[in-house]
Amino acid sequence: LTSGGTGVTTVNSCIGAQTNLFSSTTGGTWSSSNTSIASVSSTGVVNALLEGTCNITYTSSGSCARTVVFNVNPKPTVTGIDSVCVGATTQLLGSGTAATSNAWVSLSPSTATITSAGIVTGVSAGTCNIVYFNNQGCSDTILIKVNALPTAYAVTGGGSTCGGIGELSARW
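Residues numbered from 1 in each chain as written. Predicted model: local features only at pLDDT ≥ 70, side-chain atom pairs only at ≥ 80, totals over all residues. Heavy atoms only, no water.

### Some details on unusual backbone geometry
Most peptide bonds are trans, and most residues other than glycine sit at a negative phi.
Reasoning step 1: Even without being glycine, Ser63 reaches a positive phi, approximately 70°.
Reasoning step 2: Structurally, Ser63 is set in the loop between strand 8 (52-59) and strand 9 (65-73).
Reasoning step 3: Of note in this structure, Asn102 is not a glycine but carries a positive phi near 55°.
Reasoning step 4: When its relative accessible area of 61% is taken as the criterion, Asn102 is described as exposed. (Helix = DSSP H or I, 4+ residues; strand = E, 2+ residues; numbered from the N terminus. Buried < 20%, exposed > 50% of the residue type's maximum accessible area, 1.4 Å probe, protein only.)

Okay, here's the thing in structure tokens:
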């Protein structure tokens, strides 16, 4: 059996992901030892449903079978404030153990950057997807809105503002 053109005996996946398995023998059937964990279509498309391990088996028309161990890993979650102003920061947290390298990735660093510790900095107004990867290769994405800083205007007017005497105006 192959996945992505490579012969496999074990496949690691994430909850919600699809994996395509292939056999060089046609006319057989696919099955899962536990369809609550992973289901498999007649064409070898495996849907990872719940955390756990099951066997995916391809049985040829000649009754020969080949099985792979299919591990379904949990999908991480990202929590934190999903908006930030230009020049400001906010903290995001990812569940589980972070990947050892590139755990946090900004898909639009011209809008927002992120450090390895999950600190987001607003760079320019707009939206940006931030992706978190755990050590099992699973990911979650959060959409961050970066807000423009408000434009400040000068306060003008004469006289005193004490006791309601005088005039004061401001524009925002």
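### With respect to the pattern of salt bridges
Reasoning step 1: Tallying each qualifying case throughout the model produces 1 salt bridge.
Reasoning step 2: Two residues, Lys75 and Asp140, come together in a salt bridge whose shortest N-O distance is 4.0 Å. With a gap of 65 residues between them, Lys75 in the loop between strand 9 and strand 10 (78-80) and Asp140 in strand 17 (residues 139-147) connect regions that are remote in the sequence.
Reasoning step 3: We classify Lys75 as partly exposed; its relative accessible area is 44%.
Reasoning step 4: The class for Asp140 is buried, based on a relative accessible area of 16%. (Salt bridge = Lys/Arg side-chain N within 4 Å of Asp/Glu carboxyl O.)

The quantities given are spatial measurements derived from coordinates; they are silent on function.
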